[in-house]
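Take a look at the letters that make up each chain.
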There are 2 protein chains.
Amino acid sequence: MTVTITAFKWVPEFARGFVRDLRPRWACEEIGLAYEERLIGQEEQASASYRAEQPWGQVPVLQDDGVHLFESGAILMHLGEKDERLLPADLEARAHTISWLFAAFNSIEPWVFELGTIMLFAEGEEWAELRKPSLLETLDERLDGLADALGDKDYLVGDFTVADIAMSSALRELERTTLLSERPILAAYVERCTAREGFKKAMADQLAAFDRHEPATTN
Amino acid sequence: MTVTITAFKWVPEFARGFVRDLRPRWACEEIGLAYEERLIGQEEQASASYRAEQPWGQVPVLQDDGVHLFESGAILMHLGEKDERLLPADLEARAHTISWLFAAFNSIEPWVFELGTIMLFAEGEEWAELRKPSLLETLDERLDGLADALGDKDYLVGDFTVADIAMSSALRELERTTLLSERPILAAYVERCTAREGFKKAMADQLAAFDRHEPATTN
């Protein structure tokens, strides 16, 4: 059976390269696991049948031999179980990998996401300007803790794992800010992760789908 | 070897009953797994040695036979692996449980948390009042999708699982709002989960620790 990853046919410019199917695509590339793309449009996204697969009509959904998963974190966990290169078998390393996987999704990304909301959808709005200082204070503390934990290590837990896919994907969204360049450890970490062949291939494949489905009216 | 859960010695009133060690305590109660409490104060929380266990000095940390985990989601995963009552062995049910576990931490809690920040720490501040409408719009959509998915089921995936611990814990923080009572499915779900003996025992044990460590100066 083939693994199938659901992604969007097309998204606006600002979202390209950041839609979350990038994460399972990347994981598949790292272990050489072939997958099929299932590209959905707005109509299918809003349909009851798709909502039964993904409660909010988002992507990715992963289908694997009759098993369905949603949430990119859950999908990374599932793909990790297939190959020790993504999720180490050693008990302590596995525990740390899963800890960092959840940390990416619950201790880092929510604040990155809140900042993204401000920068992408509320730039210049009064509430956004007023909220920024306290949000940046929280984000500074989170990023400093992460940088301290990373120290001079290349990856979060020994070799590259699904935790690095999740964490570097969350941090990448800060590339439009100075928060990474202010912390050379994190800037180098994101660069190291995204320099991997697996990331580059996954990114190219996500973007290629959008190019193929560019609406004629926007040309 | 005994499982050890790290929790705070004492927290201010508003946080009691909501500190995240409640989640692994609850999971342990559900499967009758005895655990030891390791209670830490502010000094230990800020120490370099504790930061090496938990990058942001938070709780819980779980120690289990030499294995350390942080992040309550990772700890729920780990405890789930011990017992099918928390994480089903059936592949499809397991995949759904892990999907909902991540959904609680990444698709529901971040918005609940942002609303909590507004209500607890920024009530009446200008940015908070201005931000509320768009935040509530997002939260409405998330909660409606969750209620649709839950439908007339008692729990997210067949019987009670770690996903229900995570999801009901995230939703409980909305009890100070009308967002649950506006959705009877969700209100009943939270009530069903928190009526369980395991929840009640976990809650009593968290609160008991705070009572034992009440600073003399506040009396």
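This write-up is about the structure you can find in this document. If you're wondering where the values come from, they're calculated on a predicted model, not measured in any experiment. (Residues numbered from 1 in each chain as written. Chains lettered and ligands numbered in written order. Predicted model: local features only at pLDDT ≥ 70, side-chain atom pairs only at ≥ 80, totals over all residues. Heavy atoms only, no water.)

1. Comments concerning the packing of aromatic side chains
Here's step 1: According to the stated counting rule, one finds 17 aromatic pairs over all chains in the structure shown.
Here's step 2: Measuring from centroid to centroid gives 5.4 Å for A:Phe113 and B:Trp111, while their planes differ by 85 degrees, and the two rings are edge-to-face. In this pair, A:Phe113 is assigned in helix H5 (residues 91-121) and B:Trp111 in helix H5 (residues 91-121), connecting two distinct chains.
Here's step 3: For the ring pair A:Tyr155 and A:Phe160, a centre distance of 5.3 Å and an interplane angle of 85 degrees mean the geometry is edge-to-face. A:Phe160 shares its class with A:Tyr155; the two are buried.
Here's step 4: Grouped by ring-pair contacts, the aromatic residues A:Trp26, A:Tyr155, A:Phe160 and A:Phe199 constitute a single cluster.
Here's step 5: Above the face of the A:Phe160 ring, A:Arg196 is positioned so that its terminal group lies 3.8 Å from the ring centre. (Phe/Tyr/Trp six-rings, centres within 6.5 Å; stacked < 30°, edge-to-face > 60°. Helix = DSSP H or I, 4+ residues; strand = E, 2+ residues; numbered from the N terminus. Buried < 20%, exposed > 50% of the residue type's maximum accessible area, 1.4 Å probe, protein only. Lys NZ or Arg CZ within 6 Å of the ring centre and 35° of its normal.)

2. Topic: the interface of chain B and chain A
By a frequent convention, interface size equals the accessible area lost on bringing the separate parts together.
Here's step 1: Every contact between the two is made by 44 residues of chain B and, on the other side, 44 residues of chain A.
Here's step 2: For the pair chain B and chain A, the summed buried surface comes to about 3,800 Å²; carbon and sulfur atoms form 63% of the total.
Here's step 3: Its largest share of buried area at the contact with chain A, chain B owes to B:Trp56, B:Phe102 and B:Trp127, together 20% of the area lost on that side.
Here's step 4: Here chain B and chain A share two salt bridges between them.
Here's step 5: For the salt bridge of B:Glu81 with A:Arg94, the shortest nitrogen-to-oxygen distance reads 3.1 Å.
Here's step 6: At the junction of chain B and chain A, the tally comes to 16 residue pairs in polar contact (both at pLDDT 80 or more).
Here's step 7: Those elements that provide at least two residues to the side of chain B that touches chain A are strand E4 (67-70), helix H4 (72-80), H5 and helix H6 (126-150) of chain B.
Here's step 8: Here the side of chain B that touches chain A takes 21 residues from H5(B), the largest share from any one element.
Here's step 9: For the side of chain B that touches chain A, the per-class residue count stands at 22 nonpolar, ten polar and twelve charged. (Contact = heavy atoms within 4.5 Å. Buried area = accessible area lost by both parts, 1.4 Å probe. Salt bridge = Lys/Arg side-chain N within 4 Å of Asp/Glu carboxyl O. Polar contact = N/O pair within 3.5 Å; in protein donor to acceptor, adjacent residues only side chain to side chain. Nonpolar A, V, L, I, M, F, W, Y, C, P; charged D, E, K, R; others polar.)

3. So, the pattern of salt bridges
Pairing of side chains with opposite charge becomes possible as their charged atoms draw close.
Residue and element names in this part refer to chain A.
Here's step 1: What the rule picks out here adds up to 44 salt bridges over all chains.
Here's step 2: Between Lys82 and Asp64 there is a salt bridge whose closest N-O contact spans 2.7 Å. Of this pair, Lys82 sits in the loop between helix H4 (72-80) and H5 while Asp64 sits in strand E3 (residues 61-64), placing them 18 residues apart in sequence.
Here's step 3: Where Asp154 meets Arg192, a salt bridge forms, and the shortest distance between an N and an O atom there is 3.6 Å.

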